[in-house]
Amino acid sequence: DMLYTFASNEFEGRRTGEPGQKKAVNFIKDHYVTIGIPSPIADDDYFQEIPEAFFGGKAKASENVLAYIKGSEKPDEVLIISAHLDHEGIKRGEVYNGAEDDGYCTVASIEIAKDFKSAVDNAVRPNQSILF
């Protein structure tokens, strides 16, 4: 199950800018690539970089993971389906896995993307564009 992997200790609680969070963004990207949803940025570049300065020194540099399905009738109108992927990380030796909040939502957004891509593959494209 995708949630068990995403919220596992392997991802070290996904603290912003830390190795576990980097594993998580690659996990998400890999799903979009496997599903066949392209990036709106460039071929194989699914990451919108967020510099450390944005966080005011409270977190390391991070990134959003973006995938895009172009709409058929109103492609300039964009529906955004998003989720909060990072979490608390490791505190006092305990991994804060973040399954019940951002983990569920992140996995759900990937599943929604998969359903939309399946619809597109079956000639049912959304009217507006969708950014995941």
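Scroll up to find the structure.
Attention in this report is confined to the structure presented alongside it. (Residues numbered from 1 in each chain as written. Predicted model: local features only at pLDDT ≥ 70, side-chain atom pairs only at ≥ 80, totals over all residues. Heavy atoms only, no water.)

**So, the nonpolar core**
Membership of the largest hydrophobic core comes to 25 residues, with the highest contact counts inside it found for Phe6, Ile28, Tyr32, Ile37, Val65, Leu85 and Phe132. Secondary structure elements with two or more residues in this core: α1 (2–6), α2 (19–35) and α3 (99–121). The element contributing the most residues to this core is α2, with six residues. When residues no more than four places from it in sequence are discounted, the contact partners of Phe6 are Phe11, Arg14, Ala24, Phe27, Ile28, Leu85, Gly103, Thr106 and Val107. (Core = buried A, V, L, I, M, F, W, Y, C linked by side-chain atoms within 4.5 Å. Buried < 20%, exposed > 50% of the residue type's maximum accessible area, 1.4 Å probe, protein only. Helix = DSSP H or I, 4+ residues; strand = E, 2+ residues; numbered from the N terminus. Contact = heavy atoms within 4.5 Å.)

**Some words on the packing of α2 against α3**
Interhelical geometry of α2 versus α3 gives an angle of 10° and a closest axis separation of 10 Å. Looking at the two axes, α2 sits roughly parallel to α3. Residues Ile28, His31, Tyr32 and Ile35 of α2 lie in contact with α3, whose contacting residues are Thr106, Ser109, Ile110, Ala113, Lys114 and Lys117. By residue class, the composition of the contact of α2 with α3 is five nonpolar, three polar and two charged. (Axes fitted to C-alpha atoms, helices over the stretch in contact; angles between N-to-C directions. Parallel < 35°, antiparallel > 145°, perpendicular 65-115°, else oblique. Nonpolar A, V, L, I, M, F, W, Y, C, P; charged D, E, K, R; others polar.)

**Brief notes about α3**
For α3, spanning 23 residues, the distance from its first C-alpha to its last is 31 Å, which sits close to the expected 33 Å at 1.5 Å a residue. When α3 is considered as a whole, its buried residues turn out to be Asp102, Gly103, Thr106, Val107, Ser109, Ile110, Ala113, Lys117 and Val120. Taken together, the buried residues of α3 touch α1, α2 and β3 (68–69). Of the residues flanking the end of α3, it is Ala123, one or two places downstream, whose phi is positive at about 65°. (Expected span 1.5 Å × (residues − 1).)

**Points about the pattern of salt bridges**
Applying the stated rule across the entire model yields seven salt bridges. Between Arg14 and Asp102 there is a salt bridge, and its shortest N-O distance comes to 3.5 Å. Linking Arg14 in the loop between α1 and α2 with Asp102 in helix α3, this pair joins segments that are 88 residues apart in sequence. Two residues, Lys91 and Glu88, come together in a salt bridge whose shortest N-O distance is 2.6 Å. With a relative accessible area of 30%, Lys91 lands in the partly exposed category. Overall, the relative accessible area of 32% leaves Glu88 in the partly exposed class. (Salt bridge = Lys/Arg side-chain N within 4 Å of Asp/Glu carboxyl O.)

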